Every structure is written in C-alpha cells, then in structure tokens.
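Chains, contacts and geometry: an overview
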Amino acid sequence: MDKTDKTDKINVGKIIGVHGIKGQVKVEVLTDNPARFACGSRLFCEKTGTCLTVEGASPHKEILLVKFAEVENRDMAEALASSYLQVDRKDVAPLPDGVYYYFQIEGLDVYTEGEYFGKVISVQATGANDIYNVKMTNGKIIALPALDWVIKKIDLEAGTMEVDIPEGLL
C-alpha cells in the first residue's frame, strides 16, 4: 500500500463492513461509474492514506463486495471499515454543459440580484431535483431547489452562483 496525497479527492465509495475471512470489504457505491471498481483500478483509502488495487468486485444485495490486492485477511479489511474510497478530481469524466458534480457546487458563493447572499455548504439528492443548502450571511441555512427558475447562473471559474430566491422561502 503506497502513500498518496489526500488533496483534491472525490468519494466514489464507502467501506461499510467486511465480508468473510479473505479480506473482502462491503462497499456502498457513491458513483455512477461502475468502471471505478473494475479489476486493476486504483482507489485512494482516506482512512489509511494509501492506494488500493481492486482485485475483484461483485454486486451483493444493495452493495458491492470488493477484494483489494493489498488486503490479505479479515483483520486487514476491518482496519479499513468506515473509510471512504476516493479518486483524484482530475480523473472524473467531463459532464455536459449545465450539469455539475456535487463537489463543483459545494463551496460556491451565492449571489442574488448582485448581492452576496451566502455559500453552498452541501447538496442533497431528493429524487425530483437536487437541493442546495446555502448558509446565508446571517448564519441561517436555507434549502434552495436546484431548478432553472431558481438557479440563474453558475460560474465555476469565478466560484459563484446567481440565484432568484423563491417567494416565501426566507
């Protein structure tokens, strides 16, 4: 297990437990890209600060069972429990215009009518549309629906988002 820099990482899975005695782990998948867990893939383990090589992966109920080449037994697997599996931000696939990864939205400065309003602190998937949780300048947190008529403009280079606050939300 080689050491790697922890900066600029994106979570693609979370180790939620172990399976069997040969070092398999149970992974909650946090990516839409199944190739992340293909044999030979390398994933960063945030808990240990090391890279792990996928030796095998198979679906099991709602999770994925993953065997890493560097993890030889149950004890080694247990040491990885509750850890996020990550990839470099630069390795994520490009998205179509107007579509964003959550990590790109989180941290954006939010403006309304040209005035600073707050900062996006998290994104929630709700099924119908995402929700951008914004911490306003007064410290209050509001949930903005990620709808075209609310989110007017996103400028990733500038790190800003222009919004139109729905009536009755404040």
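Details of the structure are given in the entry above.
The rules behind the values
- Residues numbered from 1 in each chain as written.
- Predicted model: local features only at pLDDT ≥ 70, side-chain atom pairs only at ≥ 80, totals over all residues.
- Heavy atoms only, no water.
- Salt bridge = Lys/Arg side-chain N within 4 Å of Asp/Glu carboxyl O.
- Core = buried A, V, L, I, M, F, W, Y, C linked by side-chain atoms within 4.5 Å.
- Buried < 20%, exposed > 50% of the residue type's maximum accessible area, 1.4 Å probe, protein only.
- Helix = DSSP H or I, 4+ residues; strand = E, 2+ residues; numbered from the N terminus.
- Contact = heavy atoms within 4.5 Å.
- Pairing = 2+ DSSP bridges.
- Axes fitted to C-alpha atoms, helices over the stretch in contact; angles between N-to-C directions.

**Considering the pattern of salt bridges**
- A complete count under the given rule lists 6 salt bridges for this structure.
- Via salt bridges that share partners, Lys9, Asp88, Lys90 and Asp91 belong to a single interconnected network.

**Digging into the nonpolar core**
- Ranked by internal contacts, the top residues of the largest apolar core, which has 21 residues, are Val27, Phe37, Leu43, Val66, Phe68 and Leu85.
- Every element with two or more residues in this core is listed here: strand S1 (9–19), strand S2 (24–29), strand S3 (42–45), strand S4 (50–60), strand S5 (63–68) and strand S6 (84–88).
- When residues in this core are grouped by element, the largest group, 4 residues, is from S1.
- Here leucine 43 is in contact with Val12, Arg36, Phe37, Thr50, Cys51, Leu52, Val54, Phe68, Leu85, Gln86 and Val87, once residues within four sequence places are set aside.
- Counting 17 residues, the second-largest nonpolar core is a separate cluster that includes Leu108, Val120, Val134 and Val163.

**As for the sheet that holds S2**
- Taking strand neighbours around the barrel as the criterion, the 6 strands line up as S1-S2-S5-S4-S3-S6 in a closed arrangement whose pairing is antiparallel. The average undirected angle you get between the axes of adjacent strands in this sheet is 50°.
- The pairing of S3 with S4 spans 4 bridges and is classified as antiparallel. Paired with arginine 42 across the two strands is threonine 53, which belongs to S4.

**Here's the deal with the sheet that holds strand S10 (residues 141–145)**
- Within the open sheet, the 6 strands sit side by side as S10-S9-S8-S7-S12-S11. Their pairing is mixed. Taken across any chain shown, the strands that pair with only one partner, and hence form the sheet edges, are S10 and strand S11 (151–155). Going from strand to strand, the sheet's axes swing by 35° on average, the running direction of each strand aside.

Spatial relationships are all this shows, so hold off on functional conclusions.
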